[in-house]
Structures are given as structure tokens and as C-alpha cells.
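One letter stands for each residue in the lines below.
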Amino acid sequence: MSITTVSERTAVPALPVSVRGVGRTFAGSNGQAARRVLRGIDLEIEPGEIIAMIGPSGCGKSTLLRQISGLDAPTEGSIAIADTAVTGIDLRCAVAFQEPRLLPWRSIERNVAVGLPRGTDSAAGAERVTELIDLVGLEGSKQLRPRQVSGGMAQRASLARALARGPGVLVLDEPFGALDALTRLRMQDLLLDIHAAEPATIVLVTHDVDEALYLADRIVLLGQVDGAEGSTIRRILTVPGTRPRDRGDATLAGLRADLLEGLGVHSYHASTPHASSPHSGSPHASSPHGGDAANGDPTSSGDSDSTSPRTRTVAAPDGAASTTKDPR
Amino acid sequence: MTVTERAHDGTDAAGGSTAPSASLNQYSSGYGYSTAGSALGQERRGDRPRGGRGRGVSAVLAGAILPIALLAAWWAISASGIVPAYRLPSPPDVWNTGVALAAEGRLGQDIAISTQRVLIGFVIGSVVGLVLGSLVGLSRWASRLAAPTIGGFRAVPSLAWVPLLVLYLGINEDSKITLIAIGALFPVYTTVAGALRHVDPHLVEVGRAYGMTRVELLTRVQLPAVIPTVVSGLRLALAQAWLFLVAAELIASSMGLGFLLVESQNNGRIDRIFVAIIVLAVLGKTTDALIGLLEKYLLKRWG
């Protein structure tokens, strides 16, 4: 089914993802016509980058995400992680879903261990699990069962499980969608901490424009173009500034209005923004936490109104990664 | 063996019907019954926690109210003479009969042989049910191929197998155990197949996404997920096994509680019928309670 060459060390460098001409048509069942969900998706994701995919419900965001992790296969085009095509479940990728999906009969600790690569020896595995549980702040709850902890804690465990195998690509399908607003904000910061500690390329789907603006290096807006069947990339926006970002930043407010308009929601924002253009070419840190080589990879930055990722200009290497610590 | 049995029967019958020995028995039986009552209480206590409500003495007492009331009512009715003793023996008479049967070794033997049949039949039926249920529940192909046929067999009233089993296997242990196994098979098959089909697809997807093989998926996700359902299937199967045991023994046997029932019916020994029924109730409840303990443990582990 999939490659079982899993003797990786815990820290695997972040891997790039190439999505080339990907389309997906679901075969019609019970006499229904075949339904085209995705078409012509081209996207190059840099190693260590955080990409947020956003779009109206049912536009195929999750399908694209499942294709990157190998849970689904494209009907057109191809996806490659680090130049190796994705065929079937890809163990270089780890997935977390909107629901924690923990095994209810296992403790939090043993659930995290599910994510360990095959053939991890038990001592190393236990050490890794402890490390991850500390990272997501579940030290006090590791013996509990999933139903005994809050939704936020369960989602932390789910993230830890995804990290357990040291994935090159972390794929998150609306990871905080089911959490309350406050927990969601905390989890976003946690994700940034995780990104600093465990470098991985992160591709996440979200419905929350603010979340996308807070977390992502680039935001991919999916949707239908010109009424053609199947969603494709409508815009790719590069989010300016370094993380951690000010949630109330004025530039971001402009982008937010822009994105909401793109999603068909009236934002009633004062100035119609094309405020994003001045940022093209300005280098920005891929991670605010810096320090790690994998985080210092060249990060894309580019004209945010581009509809094709190929037109993106690549910024200078992020040598000046800030040493700012997360203030929270 | 049969000769000595008959002899005992004779003396017992005489003892039960003549007034003096009956009144003499009254005393010992009075004591005997109070211990029997507490034994029943023990049984209840062991049984309660399975339901999850068994906290504290009050729950045990609440559970004991009905059996005690029932016993009191039975005693009162038989003592009042409204119903003649040949239709409703008094509790002390039944107790004495039970003690006498136990003393001559007959009761112990009947219990042993019946329990053995139930357990062997139950184990065979459950294992077959588990395997068939897993196949049909996990494989769409196996389901399409076998489910309609198994459903057809299930639709046959199980007692309809008796004549065939007796013809094929004869009147012996094999035919009885086979019948009991048939009885135990279907509850397990149905619950396991149904539960496996409905394992949360989200969890299965997680297993797949984390690179589990088919076998790992089965042992780490699918089977643990259905354990609670499987145990309730086993429980139903055990109840069915006792049901079919009595059926099998009523029809053709020379030992066992079912045989005690049919023999007592032929001899008009209503007190023995009561003994057999009470023993069946206690045995059924005890084995059910044991499965309840297993269920409790498994739910703690996997629930």
C-alpha cells in the first residue's frame, strides 16, 4: 500500500509539496452524474511553509488535503512530496482532523503512541511520546481516556499523535473548527510553538479567515471561477509580517476584508483593499521562532493577487530570522 | 443406578406426603430457607455491579425485595391451603426435595452435565459466530456471498433442527451440544457482524492514515471498538444456550436438568420440577453474572 521505509529519526526536515494540475471528479453513484470537485490546481509549497486553504463549504479543500496525505487520489494531475509522487497513504505526511478521532479505549498517552512510526523501539517511542505530550501541555492528563478530557485537550493529543512520526508535512483539516473561540486562539499559538519546535510544512484547511491570517505564510483561496464546474485556485495571498502577528493589525484587516469579499461575504471594511501589493518582495520570516535550520528555508513572498503560484517571486533566504520569543 | 434412584424417589415421595415427617422437616427447612435466601442475596450482589448501579448496600437490598416478596407470597399461598400441595408444593417441601436430591448425588450430577453441555455448546457456537460475524462484518465480498445464506439458516426455528440432529448424530452428547451451539451462534454472529459494519469510519480512517495494515487495523481499531457489543452478543448467546439445553434435554436425554424436569413431570413430582426450575434460574443468573464481570472488565479496559 505504502512505503514502509520508516526508520526515520524523530526530527525529519520539512518537505516541499508540489501539486500539479490536480483535479478530482467523483464518480456518480445511483444514477447521479459524475461530480467534478477540483480542477487544475497548481501549487508549490515550500518546505517549512504554513499554507492555509480557505474557500466556501464543499469547494474541495478537504479533498485536496486528503490527496496530499494519500487518503484520496486525484483523478487528474499529480502530487509529489519532495519530488516523490504520493501514491497511497504517505507516511511522510501526518494528518489531524477536525474531530480529535482518538481511540476511546486508549489513554491519551497510548493514543499519541499510535502515531509513532512502525518499528520504533519501545524505549525511544516512550521518550518521544513524553516529549510530545510535554510539547502540547498534556503532562497532567496523559493517563486519562479521551472522554475524560476537554475538546481542546483531545485536539492537542491529536496534534501530538500527528507529530509522533516526525512528519515532513503536517496536514490539518480544520483542526480547530470544533473548538470554542478562546481555546481556538490558544491552539493557534500552540500550533506556532509546535511549528517552531517540530519543523514541518503545514497545510491546513480552515473556515476562519482570521485564523488563516494569523497562522499562514500564504493563503490559498479556492472556489469556482467563471461558473465552471469544480473549484480551482482563485487567489494566493501572501500574508505580510512576521509571526507572532498582531491579531488587530490594520494591514491584516485589509486582507481580511479582501478574503471575505472573495468568499462572498460583505465585510463593510472602510477602504477597499488592494493594500497587499506593497508587500511583494519584502522578505519575512517563515517562523517567528527562528533558530532551526529547517525554518530558515527560503520562504515565498510575493504579489498577493497572483492567481498562479508560479508567478510568485522568491524572497531572499530568511537569514535574519527574528529571535523574538512568543510573548504568550 | 436407576434402581437406586427409583428407591430414593419412593422414600422421598413417602416422606413428602406423610404429615409427621413433613412437620419434622419444617424446622430444618425453615433454617434451610433462610440460608437459601441469603445465598440468593449473594447471587444478587454479585450480579448487580454489572448494571453499573450496584453501588452500596441499598442497591443489593432493593434487588432482594422482589425475590423475598415472591418467596413470602409463595409460602403464604401454600400454607393457606388455597392451592393443594400437589399443584403448588410449599417452599420447605421444595427445599427438602432439593436437599434429598443433592444428598443422593443426583442433583449435582444433573447440574454438572447440564453446565458442561451449555459451556461446550456456548464456546463452540460463540467461536463460530465470532468468525462468521467478523468475515461478514469486515468483507463486503463475504457479506454478499454468505450473509443471505446465514440469514436463511437463522430463520429456521432452531428446534426444527432436533429431528435432523437426532437422526444424524443420535441421541448423545454430540447432538445436544450441536443444538446448543446453533442456539449460541446466531446472537454472536448477528451482533458481531452488525457492530463491525458500523465501526466509526473516522477511526478506521485514522488507522489507515497512520499506516496500519489490514491486520493491525482489525486488532487495534475494529475489534476493540466492537468489544462492548460482542460481550452483549455473548450474553444473549449464553441465555440462548440455556434455553436450548433444556429443549435438548427435554426431548432426548437420560441425565441433566431438562431430564429431571421431564422425568418429574412423568412421575407427577411437582416439587422436583420446582427444584429444577429454581436451579436453572440460579445457574443461568450465575453464568450471566460471570459474563457480566467479564463485560465490566472489558469495558473498563476497552470501553
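Cut-offs used in this document
Residues numbered from 1 in each chain as written. Chains lettered and ligands numbered in written order. Predicted model: local features only at pLDDT ≥ 70, side-chain atom pairs only at ≥ 80, totals over all residues. Heavy atoms only, no water. Helix = DSSP H or I, 4+ residues; strand = E, 2+ residues; numbered from the N terminus. Buried < 20%, exposed > 50% of the residue type's maximum accessible area, 1.4 Å probe, protein only. Contact = heavy atoms within 4.5 Å. Areas by Shrake-Rupley, 256 points an atom, 1.4 Å probe, with all protein chains shown as cover. Phe/Tyr/Trp six-rings, centres within 6.5 Å; stacked < 30°, edge-to-face > 60°. Lys NZ or Arg CZ within 6 Å of the ring centre and 35° of its normal. Axes fitted to C-alpha atoms, helices over the stretch in contact; angles between N-to-C directions. Parallel < 35°, antiparallel > 145°, perpendicular 65-115°, else oblique. Left-handed = near helix turned anticlockwise from the far one by under 90°. Nonpolar A, V, L, I, M, F, W, Y, C, P; charged D, E, K, R; others polar. Pairing = 2+ DSSP bridges. Patch = residues over 30% accessible without salt bridge, like charges linked within 9 Å, V, L, I, M, F, W, Y side chains within 5 Å. Salt bridge = Lys/Arg side-chain N within 4 Å of Asp/Glu carboxyl O. Core = buried A, V, L, I, M, F, W, Y, C linked by side-chain atoms within 4.5 Å. Expected span 1.5 Å × (residues − 1). Polar contact = N/O pair within 3.5 Å; in protein donor to acceptor, adjacent residues only side chain to side chain. pLDDT = per-residue confidence, 0-100.

**Observations concerning the overall build of chain B**
Here is step 1: For chain B, the helix and strand inventory stands at 12 helices and 0 strands.
Here is step 2: Relative to its 303 residues, chain B shows a buried fraction of 42%.
Here is step 3: Sequence-distant contacts, at least 24 apart, represent 72% of the contacts inside chain B between residues at least 6 apart.
Here is step 4: In the form shown here, chain B has an accessible surface area of approximately 15,600 Å², with 70% of it arising from carbon and sulfur atoms.

**Topic: the overall build of chain A**
Here is step 1: Secondary structure assignment for chain A yields 7 helices and 10 strands.
Here is step 2: Of the contacts formed within chain A by residues at least 6 apart in sequence, a portion of 70% connects residues at least 24 apart.
Here is step 3: Element-wise, carbon and sulfur atoms account for 52% of the exposed surface of chain A, whose accessible area totals about 13,300 Å².

**Examining unusual backbone geometry**
Peptide bonds are mostly trans, and most non-glycine residues show a negative phi.
Residue and element names in this part refer to chain A.
Here is step 1: Of note, the amide linkage connecting Arg243 to Pro244 takes the cis form, showing an omega dihedral of -5°.
Here is step 2: In the Ramachandran plot, Arg101 falls in the positive-phi region, its phi being about 50° despite a non-glycine side chain.
Here is step 3: Tracing the backbone through its elements, the reader meets Arg101 in the loop between β6 (93-96) and α2 (108-113).
Here is step 4: Backbone geometry at Glu174 places phi at a positive 45°, although glycine is not the residue there.
Here is step 5: Positionally, Glu174 belongs in the loop between β7 (169-173) and α5 (181-197).

**Examining the packing of aromatic side chains**
Here is step 1: In the structure shown here, the tally under the stated rule is 2 aromatic pairs over all chains.
Here is step 2: Ring geometry for B:Phe153 against B:Trp161: centres 5.9 Å apart, planes inclined by 25°, an arrangement best described as stacked.
Here is step 3: For B:Phe153, a relative accessible area of 44% puts it in the partly exposed group.
Here is step 4: Residue B:Trp161 is classed as buried on the basis of its relative accessible area of 18%.
Here is step 5: The ring of A:Phe97 carries A:Arg101 above its face, with NZ or CZ at 3.7 Å from the centroid.
Here is step 6: Taking NZ or CZ as reference, A:Arg247 lies 3.7 Å from the ring centre of A:Tyr214, over its face.

**A few points about the packing of helix α8 (residues 173-197) of chain B against helix α10 (residues 214-251) of chain B**
Residue and element names in this part refer to chain B.
Here is step 1: Running from amino to carboxyl end, α8 crosses α10 at an angle of 155°, the nearest separation of the two axes being 7 Å. Taken together, α8 and α10 sit at an angle that is classed as roughly antiparallel. You can see that α8 and α10 cross each other, and the crossing is right-handed.
Here is step 2: Along the lines of polarity and charge, the residues of the contact of α8 with α10 split into 17 nonpolar, 6 polar and 1 charged.

**Remarks on the pairing of strand β3 (residues 50-54) of chain A**
Residues and elements named next belong to chain A.
Here is step 1: Along β3, 5 of the 5 residues are buried, which leaves the element largely enclosed by surrounding structure.
Here is step 2: Of the two faces of β3, the one carrying Ile50, Ala52 and Ile54 and the one carrying Ile51 and Met53 are both buried.
Here is step 3: Taken together, the 4 bridges between β3 and strand β8 (residues 201-205) define a ladder with parallel strand orientation. Paired with Met53 across the bridge in β8 is Val205.
Here is step 4: Relative to strand β9 (residues 218-223), β3 runs parallel, the two being bridged by 4 bridges. In the sheet register, Ile51 faces β9, and the bridge partner there is Arg218.

**Points about the packing of helix α5 (residues 106-138) of chain B against α8(B)**
Here is step 1: Across the interface, α5(B) lies against α8(B) with an axial gap of 5 Å and an inter-helix angle of 35°. Seen along the crossing, α5(B) lies across α8(B) with a hand that is right-handed.

**Points about a nonpolar patch on the surface**
Residue and element names in this part refer to chain B.
Here is step 1: A surface patch of nonpolar side chains, amounting to about 340 Å² of accessible area, comprises Val123, Val127, Val131 and Leu135.
Here is step 2: Here Val131 lies in helix α5.
Here is step 3: Residue class for Val131 comes out partly exposed when judged on its relative accessible area of 47%.

**Thoughts on the nonpolar core**
Here is step 1: In this structure, A:Met53, A:Ile68, A:Leu159 and A:Val169 are the most contacted members of the largest nonpolar core, which totals 125 residues.
Here is step 2: Here this core takes 15 residues from α10(B), the largest share from any one element.
Here is step 3: Once residues within four sequence positions are removed from consideration, A:Leu159 is found in contact with A:Ala96, A:Leu172, A:Phe176, A:Met187, A:Leu190, A:Leu191 and A:Ile194.
Here is step 4: A:Ile54, A:Ala212, A:Leu237 and A:Leu252 belong to the second largest nonpolar core, which has 13 residues in total.

**Observations regarding the sheet that holds strand β2 (residues 35-45) of chain A**
Sheets are built from strands that pair by backbone hydrogen bonding, the pairs being arranged parallel or antiparallel.
Residue and element names in this part refer to chain A.
Here is step 1: Pairing is antiparallel in the open sheet, where 4 strands are placed in the order β2-β1-β4-β5. Strands with a single pairing partner mark the edges of an open sheet, and in this sheet they are β2 and β5 (84-85).
Here is step 2: Where helix α1 (residues 61-69) meets the sheet, it contacts β1 (17-26), β2 and β4 (76-81), and its direction lies at approximately 120° from that of β1.

**Describing the pairing of strand β10 (residues 232-238) of chain A**
Residues and elements named next belong to chain A.
Here is step 1: Counting buried residues along β10, 6 of its 7 residues qualify, which places the element largely inside the surrounding structure.
Here is step 2: Relative to β10, β9 runs antiparallel, the two being bridged by 6 bridges. Within β10, the position partnered with Ile219 by the bridge is Leu237.

**Regarding the sheet that holds β9(A)**
Residue and element names in this part refer to chain A.
Here is step 1: Ordered by their spatial adjacency, 6 strands build an open sheet running β6-β7-β8-β3-β9-β10, and the pairing between neighbours is mixed. The open sheet has two free edges, formed respectively by β6 and β10, since each of these has just one partner strand. The average angle at which neighbouring strand axes cross in this sheet is 20°, direction not considered.
Here is step 2: By the bridge criterion, 4 bridges tie β6 to β7 in an arrangement that is parallel. Looking at β7, one finds that Cys93 is bridged to Val169.
Here is step 3: Its contacts with the sheet put α1 on β3, β6, β7, β8 and β9, and the angle it makes with β7 is roughly 150°.
Here is step 4: Sitting on the sheet, helix α4 (residues 151-163) is in contact with β6 and β7, with an inclination near 170° to β6.

**Remarks on helix α7 (residues 250-262) of chain A**
Residues and elements named next belong to chain A.
Here is step 1: Taking 1.5 Å per residue, 13 residues should reach 18 Å; α7 reaches 18 Å between its end C-alpha atoms and fits that length.
Here is step 2: Among all positions in α7, only Leu252, Ala253, Gly254, Leu255, Ala257, Asp258, Leu259 and Gly262 are buried.
Here is step 3: In the core, the buried residues of α7 are packed alongside β3, α6 (209-215), β9 and β10.
Here is step 4: The opening residue of α7 is Asp249, an N-cap whose side-chain oxygen sits 2.7 Å from the backbone nitrogen of Thr251.
Here is step 5: A positive phi of about 80° marks Gly264, the residue just after α7.

**Describing the confidence of the model for chain A**
Residues and elements named next belong to chain A.
Here is step 1: Summarising the model, chain A shows a mean pLDDT of 78, and 78% of its residues fall at 70 or more.
Here is step 2: Note that pLDDT drops below 50 for residues 1-10; the model gives that stretch 16 contacts with residues more than four away or on any other chain.
Here is step 3: Throughout residues 273-328 the model reports pLDDT below 50, and contacts reaching past four residues in sequence, or to other chains, amount to 112 contacts.

**Considerations on the pattern of salt bridges**
Here is step 1: Applying the stated rule across the entire model yields 26 salt bridges over all chains.
Here is step 2: Residue B:Glu216 is joined to A:Arg118 by a salt bridge in which the shortest nitrogen-to-oxygen separation is 2.9 Å. Of this pair, B:Glu216 sits in helix α10 while A:Arg118 is found in the loop between α2 and α3 (122-135), placing the two residues in two different chains.
Here is step 3: The shortest N-O distance in the salt bridge between B:Glu263 and B:Arg272 comes to 3.9 Å.
Here is step 4: What makes B:Arg272 buried here is its relative accessible area of 1%.
Here is step 5: What emerges from the salt-bridge pattern is a single network uniting A:Arg66, A:Glu99, A:Arg101 and B:Glu205.

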